[in-house]
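# Close look at the chain arrangement
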Amino acid sequence: MKKELECLSNKEMAVSGTEVPFLYFRRLSEHPGVKHGCSTRVGGVSKGFFSSMNLGFGRGDFDENVLKNYDRLCNAIGFAKEQVVLPDQVHEVVVRRATKADCGKGITRPRDYSCVDAQITNEPGVALAVFGADCVPVFFYDPVAGAIGTAHAGWRGSIGRIAEKTVKAMEREFGCIPEHIEAYIGVSVCGDCYTVGGEVAELFQKEYKNATKRTAEQEAEGTCRLDLWQVNRTILEEAGVLPENIVIGGVCTMCHSDVLFSHRVMGNDRGNMAGFLMLTE
């Protein structure tokens, strides 16, 4: 399966050479101040349709398998699962500041927060997680202020401009300047694969027409293709992030559902992937 992962590498992202493989952004990896990585389906211990690197609790997999998967992947990236802070993603636009006191929440101890789709921190050793299986994960790094963030931007989060809200929260909490922030759009469904209909299609046609495409048949059906990568690029630019500081990873979950989990392909019978970002000590 590791050989199949080679097709995921492109000019923006690459596959690690570690025993447990993960994806990483080439540019972000050049910063000595952070560690990061994005899981695939490969390298874990889960069985059946969870095979094999499932990082989602509560989906029907054995908790002990999920914990082993966290151990394997986190060790490969370079931190411990006890340093990770899990969000509580519900397709809302709440941004929460995480601290060292939150480390392990959602994995080794219960969360005492809910409805959190974005997290920020300026404390080293706090590994922020973001889940995905088609939805867009966005990673933020301000090398000047020494702050990071992660956000989960499905269509609801994108129309709610969660990426902009994360930038604003980093400004407010850490004194970040948007021009200093680098934003990385991670592994998720591409604009050629993702189709929406009804009110959702009309909403994005109105607000982000440059990120939608319609054939004559789709026009009649009331559907369109939607490029959430471009939607979030637009949102980030409007939030003040410089175009040259926005990196689109270009790896599609639906195009590579043999090695990546995709909700559109698999439905609920699947595992969860996650991305991680941590400031180093």
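In what follows, the structure referred to is the one given above.
Below is a short write-up of the structure. Because the structure is predicted, anything quoted here is derived from the model rather than measured.

Attention now goes to the environment of Trp155. Among the structural elements, Trp155 can be located in helix 4 (residues 155–159). Remark: the alpha-carbon pair of Trp155 and Glu281, spanning 126 residues in sequence, is separated by 35 Å. When neighbours within four sequence positions are excluded, Trp155 is seen to be in contact with Tyr194, Val200, Phe204 and Leu228.

Further remarks concern the side chain of Thr253. Summarising the element assignment, Thr253 is placed in the loop between strand 14 (246–248) and helix 9 (263–266). A polar contact is formed between the side chain of Thr253 and the side chain of Asp134, at a distance of 2.6 Å. For Thr253, the contacting residues outside a window of four places in its chain are Asp134, Val187, Ser188, Val189, Leu260, Phe261, Ser262 and Met273.

Turning to unusual backbone geometry, a few remarks are in order. With omega at -15 degrees, the peptide bond leading from Ser51 into Ser52 counts as cis. The residue Ser52 is located in the loop between strand 3 (34–38) and helix 3 (63–77) in this model. Even without a glycine there, the phi angle at His91 is positive, about 65 degrees. In this structure, His91 sits in the loop between strand 4 (84–85) and strand 5 (95–97). Look at His91 and you get partly exposed, because its relative accessible area is 32%. We note that Asp134 has phi near 140 degrees; this positive angle belongs to a residue other than glycine. Mapped onto the elements, Asp134 comes out in the loop between strand 7 (127–132) and strand 8 (136–142).

Across the seven residues that make up strand 15 (residues 273–279), a large majority, seven, are buried. Here strand 15 shows a buried face lined by Met273, Gly275, Leu277 and Leu279 and a second buried face lined by Ala274, Phe276 and Met278. Bridge count for strand 3 against strand 15 is five bridges, and the pairing is antiparallel. Of the residues in strand 15, the one forming a bridge with Val34 is Leu279. Sheet topology note: the strand 7/strand 15 ladder contains six bridges and is antiparallel. In the strand pairing of strand 15, Val130 is matched with Gly275.

What counts and what doesn't
- Residues numbered from 1 in each chain as written.
- Predicted model: local features only at pLDDT ≥ 70, side-chain atom pairs only at ≥ 80, totals over all residues.
- Heavy atoms only, no water.
- Helix = DSSP H or I, 4+ residues; strand = E, 2+ residues; numbered from the N terminus.
- Contact = heavy atoms within 4.5 Å.
- Polar contact = N/O pair within 3.5 Å; in protein donor to acceptor, adjacent residues only side chain to side chain.
- Buried < 20%, exposed > 50% of the residue type's maximum accessible area, 1.4 Å probe, protein only.
- Pairing = 2+ DSSP bridges.

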